[in-house]
Amino acid sequence: MPADTAPTTDAVLVVPFDGLVDLDNEEEAETALFTALDRAAARLVVVHVRSRIVTPDALRLLLRARTRTGERGTVLCVAAPYPVARRVLHLSGLARRLRLAATVPGAVRRASGGGACAHLATVPGQRATGRTNVASRRGARRLPRPYLP
């Protein structure tokens with residue numbers, strides 16, 4: 001549920017999103033989040049997910065918040081410092097739609113069009129490293145290797 005909001009500038013509002021959202025507290029979390037969104041006149045809202053677990057209820061709530069902010073002409077981004085939370089958002093297919101980043105400054109950069117998506121980083125705030133072939137860097141689909149006994 002959103003705690004105290006922290007405006008970083010006139011144009012950016014950071015809304016902390018704590019706790020586990022489930023059927024029992026979804027309405028309460030939605031009311032708290034939408035109240036925070038409606039109080040501010042920021043052009044960019046960063047929802048800072050400070051929980052390791054992102055439930056389907058939380059995903060629906062974030063999508064409703066994105067729709068609500070989009071209707072007002074506000075951009076919504078999500079900052080999730082825990083790799084598990086970023087992985088859930090990535091696997092659900094919402095990482096790009098919610099402009100996912102590992103940190104709040106990263107989310108602000110993503111909203112301004114700069115910076116690549118580092119949502120699969122293994123350590124908060126750092127990009128994932130590893131060997132990738134040229135095809136995967138260009139966005140081509142990687143095919144599984146055949147099983148050879």
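Scroll up for the structure.
Residues numbered from 1 in each chain as written. Predicted model: local features only at pLDDT ≥ 70, side-chain atom pairs only at ≥ 80, totals over all residues. Heavy atoms only, no water.

Caption draft 1: Spatial organisation of the pattern of salt bridges. In this structure the tally under the stated criterion is seven salt bridges. Residue aspartate 18 is joined to arginine 50 by a salt bridge in which the shortest nitrogen-to-oxygen separation is 2.7 Å. Pair noted here: aspartate 18 is in the loop between strand 2 (12–17) and helix 1 (26–39) and arginine 50 is in the loop between strand 3 (44–49) and helix 2 (56–71), with a separation of 32 residues, a long-range link. Judged by relative accessible area, which is 39%, arginine 50 ranks as partly exposed. A salt bridge links arginine 60 to glutamate 26; the nearest nitrogen and oxygen atoms lie 4.0 Å apart. Taken together, the residues arginine 60 in helix 2 and glutamate 26 in helix 1 connect sequence positions 34 residues apart. (Salt bridge = Lys/Arg side-chain N within 4 Å of Asp/Glu carboxyl O. Helix = DSSP H or I, 4+ residues; strand = E, 2+ residues; numbered from the N terminus. Buried < 20%, exposed > 50% of the residue type's maximum accessible area, 1.4 Å probe, protein only.)

Caption draft 2: Structural view of the nonpolar core. Of all hydrophobic cores here, the largest spans 28 residues; its most connected members are Phe17, Leu33, Val47, Val49 and Val78. Of all the secondary structure elements, the ones that give two or more residues to this core are strand 2, helix 1, strand 3, helix 2, strand 4 (75–79) and helix 3 (83–91). In this structure, Val14, Cys77, Ala101 and Val104 belong to the second largest nonpolar core, which totals nine residues. (Core = buried A, V, L, I, M, F, W, Y, C linked by side-chain atoms within 4.5 Å.)

Just distances and angles here, no functional claims.
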